[in-house]
Amino acid sequence: MVTPLTCVFALRPLGQARRRIGAGHTFPHVRQAAVPFFLSPDGEVRVSARLEADHLFKVFGRRQDEAVERLRAGADREELRADGTTAAVIDASFTVDPGQIFVVMGLSGSGKSTLLRMLNGLLEPTAGHVRFDGRDLTALGDRELREVRARKISMVFQHFALFPHRSVLDNAAYGLAVQGVPRAEREKRAARALELCGLAGWETSWPDELSGGMQQRVGLARALATDADLLLMDESFSALDPLIRRDMQDQLLTLQKTLKKTIVFITHDLNEAMRLGDRIAVMRDGRIVQNGTAEDILLRPADDYVASFIQDVDRSRVLTAGAVMDTSVTADAPLCRCETASPTTPFAELCAISARVPHRVSVVDGAGRLVGVVPQQRLVGFLGDGPADPVPCDAPDGKVAAHA
Ligand SMILES: Nc1ncnc2c1ncn2[C@@H]1O[C@H](COP(=O)(O)OP(=O)(O)OP(=O)(O)O)[C@@H](O)[C@H]1O
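Residues numbered from 1 in each chain as written. Predicted model: local features only at pLDDT ≥ 70, side-chain atom pairs only at ≥ 80, totals over all residues. Heavy atoms only, no water.

### Here we look at the site of the ligand
The immediate surroundings of the ligand are formed by 13 residues, with S108, G109, K112, S113 and T114 found nearest. Between the ligand and G111, the relevant distance is 3.0 Å, taken from an oxygen atom to a main-chain nitrogen or oxygen of the residue. In this structure, S113 approaches the ligand through a side-chain N or O atom, which is 2.8 Å from an oxygen atom. Its free accessible area being 640 Å², the ligand has 61% of it covered by the protein chains. Mapped onto the shell around the ligand, the elements with two or more residues apiece are α3 (77–81), β4 (85–96) and α4 (112–119). Top contributing element to the shell around the ligand by residue count: α4, with 3 residues. In terms of residue class, the shell around the ligand is built from 3 nonpolar, 7 polar and 3 charged. (Near = heavy atom within 4 Å. Polar contact = N/O pair within 3.5 Å; in protein donor to acceptor, adjacent residues only side chain to side chain. Areas by Shrake-Rupley, 256 points an atom, 1.4 Å probe, with all protein chains shown as cover. Helix = DSSP H or I, 4+ residues; strand = E, 2+ residues; numbered from the N terminus. Nonpolar A, V, L, I, M, F, W, Y, C, P; charged D, E, K, R; others polar.)

Put into structure tokens, the structure is as follows:
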């Protein structure tokens, strides 16, 4: 259980703050910090996650509290369905750090949209809590919740949701109009957001004059114009053609480098999840069955269900040197003066380096220390489905015995 603290700690070294307070102590009289801190159960002061889902359940139908108890005791969706109750989301917990893209991935009906609607308060959880910057959204009244939604949270939908009789500029400025921002300022901010999304010059056009990809850019610009910290994106690129979809993914990643929003992105496409997600939660039948990085999911799938998803993923697009390196070899400096890789070097570039150096590739961190090595055979191994380590051979020098 985490306890939100306040900005007072931001002014002190963390060690000092830790000595001055006990676990569970709060300071209700001090203004809430933009990035709150909390005391972990082991007494450490840590920066809080921007968004936290804490054991969320959403049940539709009859006797919902009883259904939650049964789900907590291990019942699954099918057992409840027999009683006319739908368990849309079951015991979902995760945190999203400031500036992270958190992807929720799952097949149709797995509970993604219901989860997203609980995150912005459109649906009340049957049990559990949603915290945003340490504030419990589930405890807010309607007015406060509307205020948080208008100022702090933006949604980007799959079907653009543009107003056909408003100009592109007015559409992009819509969220600001809801906030009551004066016309001149909202038009300035909307124009800037359109420019960020590559739509400068289209301000006076109508939505139906734009292609699908461009309409989705207007949706994105509308979300960015409000300056909301949290962006919730529900299958935002799913209606686009594959090439345009990829283009939008690139654009989002480029924008994110400078804007550093906190993003929850819903998709049923694992390749999209792997491209965008700093972390990915895989949902099945209402439950999160794995929450990890793209590399975790690819290299260490939690179960056969997740493993079946990753069969068609192009590993070379996801893996980095950090994921494939052998960490049993480390040192204060690279092993020689040959070209090196960093832990974030993409797999394809690592292969190119490996082709250029006459031995295994040294992987070096930002401080110039050797953090691992990648032998060539390991690279080849990671492209397949099985483990990448060599197995013993009864002819270790590799000679082929001639048969008479
Ligand atoms: N208002 C509702 N009343 C009853 N059942 C609902 C309601 N909303 C969703 N459900 C059910 O909850 C489950 C999860 O639905 P949800 O829409 O969250 O899944 P999803 O993963 O977003 O699916 P999709 O990708 O098709 O949108 C489904 O079985 C759905 O039928």
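### Topic: the packing of aromatic side chains
Taken as a whole and assessed by the stated rule, the structure comprises 4 aromatic pairs. Taken together, a centroid distance of 5.4 Å and an interplanar angle of 55° make the contact between F237 and F265 tilted. Taken as a pair, F237 in the loop between β9 (230–234) and α10 (242–259) and F265 in strand β10 (residues 262–267) lie far apart in primary sequence, 28 residues in all. In this pair, the class of F237 matches that of F265, namely buried. (Phe/Tyr/Trp six-rings, centres within 6.5 Å; stacked < 30°, edge-to-face > 60°. Buried < 20%, exposed > 50% of the residue type's maximum accessible area, 1.4 Å probe, protein only.)

### Section: helix α2 (residues 64–72)
Of the residues making up α2, those classed as buried are A67, V68 and L71. Looking straight down α2, one finds that the buried residues subtend no more than 100° of arc, so they occupy a single side. In this structure, the buried side of α2 is in contact with β3 (51–61), α3, β4, β6 (127–132) and β12 (287–292). The first or second residue beyond α2 is G74, which carries a positive phi of 110°. (Arc of directions from axis to C-beta. Contact = heavy atoms within 4.5 Å.)

### Quick word on the nonpolar core
Membership of the largest hydrophobic core comes to 64 residues, with the highest contact counts inside it found for L220, F265 and M274. With 7 residues, the top contributor of residues to this core is helix α9 (residues 212–225). Structurally, this core is a two-domain feature, drawing no fewer than three residues from each of domain 2 (52–290) and domain 3 (317–383). Those residues in contact with F265 that sit more than four places away from it in its chain are I101, F102, V103, V104, M233, S236, F237, L252, E272 and L276. (Core = buried A, V, L, I, M, F, W, Y, C linked by side-chain atoms within 4.5 Å. Domains from an automatic or database assignment.)

### Here we look at the pattern of salt bridges
If you walk through the whole model with that rule in mind, you get 20 salt bridges. Note that D269 and R245 form a salt bridge whose closest N and O atoms lie 3.9 Å from each other. Taken together, the residues span a long stretch of sequence, with D269 in the loop between β10 and α11 (270–276) and R245 in helix α10 at a distance of 24 residues. Residue D269 is classed as partly exposed on the basis of its relative accessible area, which comes to 24%. Since its relative accessible area comes to 12%, R245 is described here as buried. Linking R356 and E339 is a salt bridge whose minimum nitrogen-to-oxygen distance equals 3.0 Å. Residue R356 is located in helix α16 (residues 347–356), and its partner E339 is located in the loop between α15 (321–324) and α16; the two are separated by 17 residues in the primary sequence. For R356, a relative accessible area of 54% corresponds to the exposed category. (Salt bridge = Lys/Arg side-chain N within 4 Å of Asp/Glu carboxyl O.)

### Notes on the packing of α9 against α10
Remark: α9 packs on α10, axes separated minimally by 11 Å, with the N-to-C direction vectors making an angle of 20°. In terms of orientation, α9 lies roughly parallel with respect to α10. Viewed along their axes, α9 and α10 form a crossing whose handedness is right-handed. Mapping the contact onto sequence places G213, Q216, R217, L220 and L224 in α9 and I244, D247, M248, Q251, L252, L255 and L259 in α10. (Axes fitted to C-alpha atoms, helices over the stretch in contact; angles between N-to-C directions. Parallel < 35°, antiparallel > 145°, perpendicular 65-115°, else oblique. Left-handed = near helix turned anticlockwise from the far one by under 90°.)

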